Every structure is written in C-alpha cells, then in structure tokens.
Amino acid sequence: LAAVNVRTDLITTSENGVGYLPLRMLNKAMMDEEINNNNNQTISWSPIEKKRMKTVKEMHKLYELDNNTFGKIVSFWRRVGRWRYPRKNIGPMFYHLTHGSVLQKLITIGKVLFFFSLPASKTEQAIWTALGVSYCYSLVSMKA
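As a starting point, this report considers the structure included with it. Everything numeric here is computed off the predicted structure, so don't read it as measured data.

Reading the values: the criteria
- Residues numbered from 1 in each chain as written.
- Predicted model: local features only at pLDDT ≥ 70, side-chain atom pairs only at ≥ 80, totals over all residues.
- Heavy atoms only, no water.
- Helix = DSSP H or I, 4+ residues; strand = E, 2+ residues; numbered from the N terminus.
- Buried < 20%, exposed > 50% of the residue type's maximum accessible area, 1.4 Å probe, protein only.
- Contact = heavy atoms within 4.5 Å.
- Areas by Shrake-Rupley, 256 points an atom, 1.4 Å probe, with all protein chains shown as cover.
- Patch = residues over 30% accessible without salt bridge, like charges linked within 9 Å, V, L, I, M, F, W, Y side chains within 5 Å.
- Salt bridge = Lys/Arg side-chain N within 4 Å of Asp/Glu carboxyl O.
- Axes fitted to C-alpha atoms, helices over the stretch in contact; angles between N-to-C directions.
- Parallel < 35°, antiparallel > 145°, perpendicular 65-115°, else oblique.
- Nonpolar A, V, L, I, M, F, W, Y, C, P; charged D, E, K, R; others polar.
- Left-handed = near helix turned anticlockwise from the far one by under 90°.
- Expected span 1.5 Å × (residues − 1).
- Arc of directions from axis to C-beta.
- Phe/Tyr/Trp six-rings, centres within 6.5 Å; stacked < 30°, edge-to-face > 60°.
- Lys NZ or Arg CZ within 6 Å of the ring centre and 35° of its normal.

### Section: the overall build of the protein
Then, in step 1: In terms of helices and strands, the protein carries eight helices and zero strands.
Then, in step 2: A buried classification covers 19% of the 144 residues belonging to the protein.
Then, in step 3: Considering only contacts in the protein between residues 6 or more positions apart, those separated by 24 or more positions represent 65%.
Then, in step 4: Carbon and sulfur atoms form 63% of the exposed surface of the protein, whose accessible area is close to 10900 Å².

### Details of a nonpolar patch on the surface
Then, in step 1: A cluster of nonpolar side chains, Leu65, Phe70 and Ile73, forms an exposed patch at the surface whose accessible area comes to about 220 Å².
Then, in step 2: As for its position among the elements, Ile73 is in helix H4 (residues 67-80).

### What to know about the packing of H4 against helix H7 (residues 102-117)
Helix-helix packing: each pair is described by the crossing angle between the helix axes and the interaxial distance.
Then, in step 1: At a minimum axis distance of 8 Å, the contact between H4 and H7 shows a crossing angle of 80 degrees. When the axis of H4 is compared with that of H7, the two are roughly perpendicular. The segment H4 lies against H7, with Phe76, Trp77, Arg79 and Val80 engaging Val112, Leu113, Phe115, Phe116 and Ser117.
Then, in step 2: Residue composition of the contact of H4 with H7, by class: seven nonpolar, one polar and one charged.

### What to know about the packing of helix H6 (residues 90-99) against H7
Then, in step 1: Their axes nearest at 8 Å, the elements H6 and H7 cross at an angle of 135 degrees. Overall, the two elements H6 and H7 adopt an arrangement that is oblique. Note that H6 runs across H7; the crossing there is left-handed. Along the contact surface, H6 presents Met93, His96, Leu97 and Thr98, while H7 presents Gln104, Lys105, Thr108, Ile109 and Val112.
Then, in step 2: Broken down by class, the residue content of the contact of H6 with H7 amounts to four nonpolar, four polar and one charged.

### A look at H7
Then, in step 1: For H7, built from 16 residues, the straight-helix expectation of 22 Å at 1.5 Å per residue is met to within 8% by its first-to-last C-alpha distance of 22 Å.
Then, in step 2: Burial in H7 covers these residues: Thr108, Val112 and Phe115. An end-on view of H7 places all buried positions within 65 degrees of arc, on one side of the element. In H7, the exposed positions angled more than 90 degrees off the buried face are occupied by Val102, Leu103 and Leu106.
Then, in step 3: Of the surrounding elements, those touching the buried residues of H7 are H4, helix H5 (84-88) and H6.

### What about the packing of aromatic side chains?
In this description, a pair of aromatic rings is defined by centroid distance and the angle of the planes.
Then, in step 1: For the structure on display, the rule yields five aromatic pairs.
Then, in step 2: Both rings, one in Phe76 and one in Trp77, keep their centres 5.5 Å apart while their planes meet at 90 degrees; by these two values the pair is edge-to-face.
Then, in step 3: An aromatic cluster is defined as three or more aromatic residues linked by ring pairs; in this entry it consists of Phe76, Trp77, Phe94 and Phe116.
Then, in step 4: Note that Arg79 overlies the ring of Phe116, its terminal NZ or CZ placed 5.2 Å from the centroid.

### Structural notes on the pattern of salt bridges
Then, in step 1: One pass over the full model with this rule turns up one salt bridge.
Then, in step 2: Note that Glu124 and Arg79 form a salt bridge whose closest N and O atoms lie 2.4 Å from each other. On the criterion of sequence distance, the pair formed by Glu124 in helix H8 (residues 122-143) and Arg79 in helix H4 is long-range, its members being 45 residues apart. Accessibility assignment for this pair places Glu124 and Arg79 in one class, buried.

Geometry only, nothing functional implied.
The following block contains the structure:
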C-alpha cells in the first residue's frame, strides 16, 4: 500500500472500511490451528471469514519472498501508483485481483498493466516518442 501512496490512517480506514483484513492479528501458527480445528468440526466459516483467511494467507506468502523479488513487486506498484486512478481505486483493484471472478481479474490486470506501461517521466516520454517517430519514419521510407 505504501508503494502506491495509499493512505492507511485511522480516518481513511474508518471512511472506507477495512475490507477483508482480519479482525485480530494472526500469525501462521494461529492460522494453522484455526484451520485444523475447523476441519475437525462441523462449523463452517462465513464467506467474509473465508476471504479474510485467504487475504492473510496471501500476506504470509508475500512475507516469505526474498528481498529481490519483493523489491521488484514494490517497484511495480510504485510505478502504477504514480497515477491518480489506481491510487483512488486501489481497494477495489486489490479486491478484484484477490477475490474477483475471472473476468474481474482480467479487467483489473488490464488496467494495472495499462498504468504500468504509461511513461513515468518526461525523459521516458521523450524516449518513447523518439522510438515511435523513428518506427513511423521507417515504415514511410519503406513504402517510398
């Protein structure tokens, strides 16, 4: 969230809600215990509790990544977060990527990749423009 410059203060969280974040702090041992206890019982989890557990499992997978991979992920989201739309809609985007249907995931991935591909600076914009002009010039010179 910090890479995308999302506000996570108490006021913003109270306005937008916490989504599928767990209501208490869960470590891996506590999660495994809850899963094993609930598998042995006939108690079924509510849909929101299943989504919370999935979110926590995904966060544990993220925590276990090596520093190089984690740095690449942060750089990716930092680049996407340069634009206002992803920053304002990061909650629904994360929700669709984690819990959405296949169509929602594809649409959201398309949006994320679109914002990732936009130039991040004037220098990058100039380079892309120069490459585009040279490509168009080569097409025109081939037909002439």
